[in-house]
Protein chains: 2
Amino acid sequence: MPPERNRRRIPDATVSRLPVYLRILGEQADEGVDSISSERLAELAGVNAAKVRKDLSYLGSYGTRGVGYEVGYLVYQIRRELGLTHDWPVVIVGAGNLGQALAGYGGFGERGFPVAGVVDVDPAKVGTVLGGVRVRHIDELPQIVQTKRVNIGVVATPPHAAQDAAERLVAAGVTSILNFAPVVLAVPRAIEVRKVDLAVELQILSYHEQRKASLHAVPGAGAGAVSRPASA
Amino acid sequence: MPPERNRRRIPDATVSRLPVYLRILGEQADEGVDSISSERLAELAGVNAAKVRKDLSYLGSYGTRGVGYEVGYLVYQIRRELGLTHDWPVVIVGAGNLGQALAGYGGFGERGFPVAGVVDVDPAKVGTVLGGVRVRHIDELPQIVQTKRVNIGVVATPPHAAQDAAERLVAAGVTSILNFAPVVLAVPRAIEVRKVDLAVELQILSYHEQRKASLHAVPGAGAGAVSRPASA
DNA sequence: CGGGCTTTGTGAACGTGTGCACGAATGCCT
DNA sequence: AGGCATTCGTGCACACGTTCACAAAGCCCG
């Protein structure tokens, strides 16, 4: 008798699209739109309409047949599902080039992820101010994480320091990590890690360029056609 | 008579892992390792060994049974497949916070993607120097793209300017775009677009945090266990 | 030179994600 | 009130990706 594993598991692919829908819906709301069809939302998000409906169906049946979805209510439901009903403070490890840019980038706090602190190993960087936050020494990490109730850590160190940074974050109590270092982090299973790697992205583009270059004289490859949204 | 569609198409999932293997193999080579098994490489890359073998098999049969893969040769083959046998100059649109960080980040050129230019619409930013490159006006984009043979463009503008930036890049002749703006770009089909969106990544982490929080009293969720590499 | 050990390469099963197509529900118009 | 147009929700088939399991192929050693 399998009663019910876990309430409602949402597929990974869907979870990664919900933030996109959310942003678009927010923009539409700002423009005064209060009802939207799956077709229109799909067009704006650059995906298939059926996919939109299936994605949204995981949240529950919040649409009205023949009409569409009520924008405001949908925004509320997606925010609730993504856990965006309250702020998630983040701590940034590494005050180098990237750490500075991240701390200085205002979009963090606006979107519900205020910077609770920036830390670095280098005593020369400690004390300098970045985007309104004073850089502290990495030894203060546990204190920051605990007093500010931080669950999400950002690794913005050079590659060789990334694993150590991750271990310190985990030891301090962080359970999710956003990793900008071009390194595969080894962490306990329970820790969620997401990676952002510039070099990887560029190399994937390079692959496609190289591919186009070697397939020069192909017939049906007319690059004309109308513009169309690109997928992620 | 379907003779042979296209030489060897490599699955997207594999293409996105090849850069990771490449980096690891490079590190191993630096450490003097000249032969590696799929199992070891899998461990370092945080994936399944069978996946490594299947991925590498798309490049050809470059392993030796009972022994493993010759590191140097494998590096060569992956680089060839990814089109990394020569440099791919990139042009950055947007000299704001992010554009500055990207231009200043040395890792670009080192990894075969030299910054051929940085452009901006704001005349106040034109002329300033970023990471050794003088910022030029966006009207000079076509000239930069053509004289420097640029195929890859980077969109590092605010959201509202991103679509325009993309259109200018395409008009100038760029065929691949790396988009940092939280916007779905509409471009011709032939243009390859990859997106890097901080907010999306953080919101995905938020989802998982929220999920953990609501599933508090679950039995088999012992967060102990040994460390293990995390997947991308 | 043959047996045993190791590791690759891949067929096959399984799981996840995508997209079509259509029934079901709803609003609008006459 | 009834019919019609619209749009959601979802079953189903297919494509893609992952993992297992094992035969084939090579090395080493006695």
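Residues numbered from 1 in each chain as written. Chains lettered and ligands numbered in written order. Predicted model: local features only at pLDDT ≥ 70, side-chain atom pairs only at ≥ 80, totals over all residues. Heavy atoms only, no water.

### Examining the relation of the copies chain A and chain B
- Screw-axis analysis of chain A against chain B gives a translation of 0.0 Å along the axis, an RMSD of 0.0 Å, and a rotation angle of 180 degrees. In the structure described here, the two chain copies are related by an operation that fits a two-fold rotation axis. Relative to the rotation axis, the C-alpha of Ala101(A) is the closest in chain A, positioned 3.1 Å from it. (Least-squares fit on C-alpha atoms with pLDDT ≥ 70 in both.)

### Things to note about the sheet that holds strand β5 (residues 115-120) of chain B
All names here are of chain B.
- The strand order across the open sheet formed by seven strands is β6-β7-β5-β4-β8-β9-β11, and the pairing between neighbours is mixed. Edge positions in the sheet fall to β6 (129-130) and β11 (192-195), since each has one partner strand and no second.
- Both strand β4 (residues 90-93) and β5 contribute to a ladder of four bridges, which runs parallel. What sits directly across from Val93, in β5, is Val119. (Pairing = 2+ DSSP bridges. Helix = DSSP H or I, 4+ residues; strand = E, 2+ residues; numbered from the N terminus.)

### Points about the sheet that holds strand β3 (residues 68-70) of chain B
All names here are of chain B.
- On the basis of which strands lie adjacent, the open sheet formed by three strands has the order β1-β3-β2 and antiparallel pairing. Only two strands of the sheet have a single neighbouring strand rather than two, namely β1 (35-36) and β2 (63-64).
- The pairing of β1 with β3 spans two bridges and is classified as antiparallel. Counterpart to Ser35 in the pairing with β3 is Glu70.
- Helix-sheet contacts for helix α4 (residues 71-81) involve β1 and β3, and the interaxial angle to β3 is about 70 degrees. (Contact = heavy atoms within 4.5 Å. Axes fitted to C-alpha atoms, helices over the stretch in contact; angles between N-to-C directions.)

### Some points on the protein's contact with DNA strand D
- The environment of DNA strand D is formed by 25 residues, the closest being Ser38(A), Arg53(A), Tyr69(A), Lys51(B) and Arg65(B).
- A share of 69% of the atoms of DNA strand D within 4 Å of the protein falls on sugar and phosphate groups.
- Separating a base nitrogen of DNA strand D from a side-chain N or O atom of Arg65(B) is a distance of 2.8 Å.
- Per-class residue counts for the surface near DNA strand D are seven nonpolar, nine polar and nine charged. (Near = heavy atom within 4 Å. Polar contact = N/O pair within 3.5 Å; in protein donor to acceptor, adjacent residues only side chain to side chain. Nonpolar A, V, L, I, M, F, W, Y, C, P; charged D, E, K, R; others polar.)

### Considering the confidence of the model for chain A
All names here are of chain A.
- The pLDDT averaged across chain A works out to 90; a share of 90% of its residues lies at or above 70.
- A low-confidence stretch, residues 1-6 stays under pLDDT 50, and its non-local contacts, those more than four residues away or across chains, total one contact.
- Predicted confidence is poor over residues 217-232, with pLDDT under 50, and the contacts of this stretch with residues over four places away or in other chains come to 27 contacts. (pLDDT = per-residue confidence, 0-100.)

### Description of helix α3 (residues 49-57) of chain A
Residue and element names in this part refer to chain A.
- Listed in full, the buried residues belonging to α3 are Ala49, Val52, Asp55 and Leu56. Down the axis, α3 shows its buried residues gathered within 125 degrees of arc, on one side only.
- Next to the buried residues of α3 lie α1 (12-30), α2 (38-45), β3 (68-70) and α4 (71-81).
- The N-cap of α3, judged by a side-chain oxygen 2.6 Å from the amide nitrogen of Ala50 a few residues on, is Asn48. (Buried < 20%, exposed > 50% of the residue type's maximum accessible area, 1.4 Å probe, protein only. Arc of directions from axis to C-beta.)

### Describing the pattern of salt bridges
- Within this structure, the stated rule accounts for 20 salt bridges over all chains.
- Two residues, Glu201(B) and Arg194(A), come together in a salt bridge whose shortest N-O distance is 2.4 Å. With Glu201(B) in helix α9 (residues 198-214) and Arg194(A) in strand β11 (residues 192-195), the pair connects residues from two separate chains.
- Looking at Glu201(B), the relative accessible area reads 14%, which means it is buried.
- In this structure Arg194(A) comes out as partly exposed when scored by relative accessible area, which is 22%.
- A network of salt bridges, in which partner residues are shared, links Asp139(A), Asp164(A) and Arg168(A). (Salt bridge = Lys/Arg side-chain N within 4 Å of Asp/Glu carboxyl O.)

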